[in-house]
Amino acid sequence: MDLAATIQWIIPIAGIAAVLFAGYLARDVLSRDTGTDAMRDVASTIHEGAVAFIRRQYTTIGVLALVGAVVIGVIIFFVETADVADVPELAGMPIAIMTAIAFLVGAAASMASGIIGMYISVRSNVRTAAAARRSLVEAVQVAMRGGAVSGFLVVALSLLGVWGIFVAYETFVGDVTVAQAPFLIVGFGFGASFVALFAQLGGGIYTKAADVGSDLVGKVEAGIPEDDPRNAGVVADLVGDNVGDCAGRGADLFESTAAENIGAMILGVAVFAIASAAGWPNPEAWIFFPLVVRGFGLLATIVAIFFVRGSETEDPMNMLNRGYWVTTILSVVALLVTTNVMLQTNGNSPLNGLPVWVLFFAAGVVGLATSVAFVYITQYYTAGGYRPVREIAEASKTGPATNIISGTAVGYETTFVTAITIGIALFSSHWLGSQAGIVNAEGRDVGGIFGTAVATMAMLMTTAYILAMDTFGPITDNAGGIAEFSRAEAGAREITDRLDAVGNTTKALTKGYAIASASLAAFLLFSAYIDKVNLIEARRIAANVPGAALLESVNLANVNVFIAALIGAMLVYFFSSLAIRAVGKTAQSIIVEVRRQFREMPGIMDYTQRPDYARVVDITTKAALREMIAPGLVAVATPIIVGLLLGAEAVAGMLMVGTIAGVMLATVLNNGGGAWDNAKKYIESGNLKDDQGNVLGKGSDAHAAAVVGDTVGDPFKDTAGPSLHVLVKLLATITLVLAPLFIR
C-alpha cells in the first residue's frame, strides 16, 4: 500500500480522535465549579426550557424528515429509470431505497449535531459564570472549551457520516464503483440541509422573538437592565441563545460541511476518470482528497485549543484569535503534505512546467486566506473598536430613526468587500486549477473547477474552531444572564459583559465565514449539478433519445431560464420576509404577556412576586414551531416546481441567481444586525459621550435608540440571515438529488 492510499486512513482516525477529544473537553468543563445556589437555580430553569423546546422541535422535524424520505424515494423510484440513473444497474427500487436511506442518515446526523450543540452549551453557561467570579482567563477557557465540544462533534459527525455511507455503498452494494458512490450519497447532504433549515428557522424565530420581546418591555419601557430577573421574558431569551445560536448553528454547519464534501467528491470523479485513463498513480485519491484535508483540519484544531490562553488584562478576542491562527498555520502545513501526496500526475503541468500538486496547494491557500479575510472583515464591521459600529452609536444620539438609517447603510456597505473577496477567491482558485492542464476527452477544462473545490475544502479545514468560537457567544451571553439574574458580584458581571461583547463578534464572524463558505460551495455544487445533468444527458444521447443534449452553458436569454432566475432571486427575499415576520408576530405575543405580568403583578418590581417565566417560554415555543413550517416548505417546494415546469437548464439559472441574491442579502442581514447589536453594547460600556464629554450610557436617550436598532437587527442576524446560508445550499442539494426529474 503506497502513501497516497495510506493517508486516506486519516479520515476515520481524525474523526474518532475528534470525538474522543470532545469527550475529554466535556469532562473538563463539567468538572468545573457550578457557582452559587442562585446560579444553579437559573441554569436549571434554562436547561429545562431548552430541552423542552428541542424535544418538541426535533419531534416535528423528525416527522417531516420521515415524510420527506418517503416522498424522495417514491419520486426516484418512478423517475430515475435506467437511462437517467447514476448507476443504471441499480435503477428503480434499489437507488430509491439507497437515496432515502442516505437522506435519513444525513437528517439524523444533522439532528444529533444540533442537539449536541445545545446540550453542552446549557451546561457550560453556569460554569462560565462561576469562573468569571475568579478569573477572566478561566472564564474564556471554560466557554471556549464548551463551544469546542460542539465544534468537534459536529465536524466529526459530518466527516464520519459522509465517509461511512460512502464506504458502505461502495463496499457492500454490488455494481457500485468508487466513481459512482459520490452520486449515490447526495441524499445525505439533502437530509442534512433539510433538517438544518427547519432547525435554524425554529431556533432563530424562538431566540429573536424572546430577545426582542424582553428587551423592548424590560429595557425601554420598564427601564430595568438586560437579563434582570424581574423581566418575565428573560428566561425565554436565555433559552433562545441555546436553541438558536447553538442547536441551529450546529445543524447549519453540519450540513455545510456534508454538502460541500459530497459536491467536491463529485467533481473529483471527473479527474478520477482522466487519471484512470492516463495511468496516474492512485486515481481514487482525487475523490477522497476533500475528506482527508478535513480530517487534518480537525487534528489542527485539537492542537489549537491548547493555545487559547492569556493574561487577565488581555483582550479576550486576542486569546481566541491566537488559537485561530494556530489552526490556520497548521492547516497550511497539512494542506502542503496532502496535496503533495494525493494529487500526483505522471508529470508536470503541460502549460507551465510546475508540478500539478503545487498549483492545487496554492488554490487551497487561497481558500484559507479567504477564511482569514472574512474573519477580519466581519470583525471590522461588527466589533466596537472600528468605524462602522461607532458610526451607528453616534447616530443614536439623534434617535432611533438615524440609528436605523446608519445601521442599514453599514449592512449594505458590507456587500462590496464581500463580493470582491469572493470574486477574487473564485477567480484565483479557478485560474490556478486551470493551469494544471487537466482536460477531459471532450477538451473541457476540469482542473479549474477542481481548483475551486480545493479552495472550498481548505477553507473548511478551520470549521471546528470557527464553530467553537460561535458557540462561545451564546455560552457567554447566558453566563452574563445568569450572573445578572443571580445578582452576582459586580466584578463577575463586568467580566461576563466583556465576554458577551466578544461573543457578539464571534457569532457575527461565524456568519461571515458561513456565507463565504456557502458562496464557494454553491459554485462547487452548481458545477456538480451540471456534471450530473451531463452524465444523464450523455446516456440519453448514446441511447438516441430525441432532444437529448449536453448542458454546456446556461442561456439567460432563454425565457424559461430568465423566469427561473427571477424566481430564484424572489425566493430569497420572500423567504426572508416570512422568517422576519414570524419573529415580529411571536415578539408581539411576548410583549403583550410581559406587559400583562408587570401590570397585574405589581410585586415583580420590588422582588416580592416571581414572574411567570414558564408562561412566556410556552408562548415562544408554540409560536416558533408553528411559524417555522411555512418558510421551510416554500424553500423546499420552489426548486422542485421550477424544475418540473421549466426544465433542467432553468433550474441551473435559478441556482445561479438565487445563490448570488442569497449571499448578498445574507451579508446585509448578518453584518447589519451584528453592527446594531454591538453599537448598543458600545454605548452600554460607557464609550459614547456627548459634546461636553459626558457619558451617554445605559438609561440615556441614545441607549434607548440603540436598543430599538438592536431589536430591528435581531431577526436579521439571527433568523433570516443564518437561514439564508442553509437555503442557498438546500437549493443546490435538492436539485442535485432530483436532477433526473427535471430532464425531458
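Bear in mind that the values here come from a model prediction, so they are computed numbers and not experimental data.

### Structural notes on the overall build of the protein chain
In terms of helices and strands, the protein chain carries 22 helices and 0 strands. With respect to the three principal axes, the spread of C-alpha positions in the protein chain is 80 × 50 × 50 Å. The centroid of the 45 positive side-chain charges in the protein chain is displaced by 5 Å from the centroid of its 59 negative side-chain charges.

### Examining the confidence of the model for the protein chain
Summary statistics for the protein chain give a mean pLDDT of 87 and a share of 99% for residues scoring 70 or more. Model confidence for the protein chain, summarised as mean pLDDT per element, is weakest for helix 1 (residues 3-6) at 76 and strongest for helix 13 (residues 400-434) at 94.

### Remarks on the environment of Leu736
With respect to the helices and strands, the residue Leu736 is situated in helix 21 (residues 701-737). Placed 207 residues apart in sequence, Leu736 and Tyr529 show a C-alpha to C-alpha distance of 5.3 Å. Setting aside chain neighbours within four positions, we find Leu736 in contact with Val186, Ile266, Leu525, Ala528, Tyr529 and Lys532.

### Some points on the packing of helix 8 (residues 234-278) against helix 16 (residues 490-542)
It is the contact of helix 8 with helix 16, at a shortest axis distance of 9 Å, that shows an interaxial angle of 30 degrees. When the interaxial angle is binned, helix 8 and helix 16 end up roughly parallel. Classified by chirality, the crossing of helix 16 by helix 8 is left-handed. Contacts between helix 8 and helix 16 involve Asp245, Arg249, Leu253, Ala259, Glu260, Gly263, Ala264, Ile266 and Leu267 on the former and, on the latter, Lys507, Thr510, Lys511, Ala514, Ser517, Ala518, Ala521, Leu524, Leu525, Ser527, Ala528 and Asp531. The residue inventory of the contact of helix 8 with helix 16, partitioned by class, reads 11 nonpolar, 4 polar and 6 charged.

### Brief notes about the side chain of Asn125
Structurally, the position occupied by Asn125 is in helix 4 (residues 93-132). When neighbours within four sequence positions are excluded, Asn125 is seen to be in contact with Ala43, Ile46, Asn242, Ile475, Asn478, Ala479 and Ile482.

### Considering the environment of Tyr169
Positionally, Tyr169 belongs in helix 5 (residues 136-172). With residues near it in sequence (within four places) discarded, Tyr169 still touches Met98, Ile101, Ala102, Val176, Leu184 and Ile185.

### Notes on the pattern of salt bridges
Throughout the structure, instances matching the rule amount to 33 salt bridges. For Arg56, the salt bridge identified is with Asp618, shortest N-O distance 3.7 Å. Within this pair, whereas Arg56 is found in helix 3 (residues 37-79), its partner Asp618 is found in helix 18 (residues 613-627), the two being separated by 562 residues in sequence. You can call Arg56 partly exposed: its relative accessible area is 35%. Residue classification places Asp618 among the partly exposed positions, given a relative accessible area of 24%. Arg615 serves as the salt-bridge partner of Glu593, at 3.8 Å between the closest nitrogen and oxygen.

### Notes on the packing of helix 12 (residues 387-395) against helix 13
Interhelical geometry of helix 12 versus helix 13 gives an angle of 160 degrees and a closest axis separation of 7 Å. As the angle between them shows, helix 12 and helix 13 are arranged roughly antiparallel. The way helix 12 lies across helix 13 gives a crossing that is right-handed. Residues Arg387, Pro388, Glu391, Ile392 and Ala395 of helix 12 form the contact with helix 13, whose own contacting residues are Thr402, Asn403, Ser406, Gly407, Val410 and Glu413. The residue inventory of the contact of helix 12 with helix 13, partitioned by class, reads 4 nonpolar, 4 polar and 3 charged.

### Regarding the packing of aromatic side chains
Aromatic rings in a pair are described by how distant their centres are and how their planes are angled relative to each other. For the structure on display, the rule yields 22 aromatic pairs. On the basis of an interplanar angle of 85 degrees and a centroid distance of 5.2 Å, the ring pair of Phe21 and Phe152 is categorised as edge-to-face. Residue Phe21 is located in helix 2 (residues 10-30), and its partner Phe152 is located in helix 5; the two are separated by 131 residues in the primary sequence. Of the two residues, Phe21 and Phe152, neither departs from the other in class, the shared state being buried. Cluster of aromatic residues (ring-pair linked, three or more members): Trp280, Trp286, Phe289, Phe360 and Phe450. The positively charged end of Arg123 is found above the aromatic ring belonging to Tyr119, 4.0 Å away from the centroid.

### Considering helix 9 (residues 285-305)
Its 21 residues place the ends of helix 9 30 Å apart at the C-alpha level, agreeing with the 30 Å of an ideal helix rising 1.5 Å per residue. Along helix 9, the largest kink reaches about 25 degrees and is centred on Leu291. Within helix 9, 19 of the 21 residues are buried, which leaves it mostly tucked inside the rest of the structure.

### Concerning the nonpolar core
By size, the foremost hydrophobic cluster in this structure holds 241 residues, and its most contacted members are Phe152, Trp286, Ile438 and Tyr529. At 22 residues, helix 8 tops the list of elements feeding residues into this core. Once residues lying within four places of it in the same chain are set aside, the contact partners of Ile438 are Val271, Ile274, Trp280, Trp286, Val356, Phe360, Arg444, Asp445, Val446 and Gly447. Membership of the second largest hydrophobic core comes to 15 residues, among which are Val410, Ala675, Leu696 and Ala706.

### Quick notes on unusual backbone geometry
For Asn282, which is not glycine, the phi dihedral falls at a positive 50 degrees. The residue Asn282 is located in the loop between helix 8 and helix 9 in this model. Relative accessible area serves as the criterion here: at 15%, Asn282 is assigned to the buried category. The backbone of Arg487 sits at a positive phi, close to 55 degrees, despite the residue not being glycine. Topologically, Arg487 is positioned in the loop between helix 15 (463-485) and helix 16.

### A few points about a nonpolar patch on the surface
On the surface, a nonpolar cluster with roughly 720 Å² of combined accessible area is contributed by Val70, Val74, Phe77, Phe78, Met93, Ile97, Ile101 and Val105. Where the nonpolar patch is concerned, the elements lending two or more residues are helix 3 and helix 4. Within the fold, Val74 resides in helix 3. Residue classification places Val74 among the partly exposed positions, given a relative accessible area of 41%.

### Observations regarding the side chain of Thr421
Structurally, Thr421 is set in helix 13. You can call Thr421 buried: its relative accessible area is 14%. If near-sequence neighbours (up to four positions away) are discounted, Thr421 is found in contact with Thr370, Ala373, Phe374 and Ile377.

### Here's the deal with the environment of Pro722
Its place among the elements puts Pro722 in helix 21. A residue is classified by how much of its surface remains accessible, and Pro722, at 0% relative accessible area, is buried. Pro722 sits 521 residues away from Leu201 along the chain, and the two C-alpha atoms are 8.5 Å apart. When near neighbours in sequence (up to four residues on either side) are disregarded, Pro722 contacts Gln200, Arg249, Asp252, Lys511, Asn670, Phe716 and Lys717.

### Brief notes about helix 7 (residues 186-221)
Relative to the 52 Å expected for 36 residues at 1.5 Å per residue, helix 7 spans 51 Å between its end C-alpha atoms, a close match to the ideal helical length. Maximum bend of helix 7: about 25 degrees, positioned at Asp215. Counting buried positions along helix 7 gives 33 out of 36 residues, so the element sits mostly inside the fold. A positive backbone phi angle near 70 degrees is found at Gly223, which sits one or two residues after helix 7.

The rules behind each value
- Residues numbered from 1 in each chain as written.
- Predicted model: local features only at pLDDT ≥ 70, side-chain atom pairs only at ≥ 80, totals over all residues.
- Heavy atoms only, no water.
- Helix = DSSP H or I, 4+ residues; strand = E, 2+ residues; numbered from the N terminus.
- Lys, Arg positive; Asp, Glu negative; His and termini not counted.
- Charge placed at Lys NZ, Arg CZ, Asp CG, Glu CD.
- pLDDT = per-residue confidence, 0-100.
- Contact = heavy atoms within 4.5 Å.
- Axes fitted to C-alpha atoms, helices over the stretch in contact; angles between N-to-C directions.
- Parallel < 35°, antiparallel > 145°, perpendicular 65-115°, else oblique.
- Left-handed = near helix turned anticlockwise from the far one by under 90°.
- Nonpolar A, V, L, I, M, F, W, Y, C, P; charged D, E, K, R; others polar.
- Salt bridge = Lys/Arg side-chain N within 4 Å of Asp/Glu carboxyl O.
- Buried < 20%, exposed > 50% of the residue type's maximum accessible area, 1.4 Å probe, protein only.
- Phe/Tyr/Trp six-rings, centres within 6.5 Å; stacked < 30°, edge-to-face > 60°.
- Lys NZ or Arg CZ within 6 Å of the ring centre and 35° of its normal.
- Expected span 1.5 Å × (residues − 1).
- Bend = angle between axes of the 7 residues up to and from the residue.
- Core = buried A, V, L, I, M, F, W, Y, C linked by side-chain atoms within 4.5 Å.
- Patch = residues over 30% accessible without salt bridge, like charges linked within 9 Å, V, L, I, M, F, W, Y side chains within 5 Å.
- Areas by Shrake-Rupley, 256 points an atom, 1.4 Å probe, with all protein chains shown as cover.

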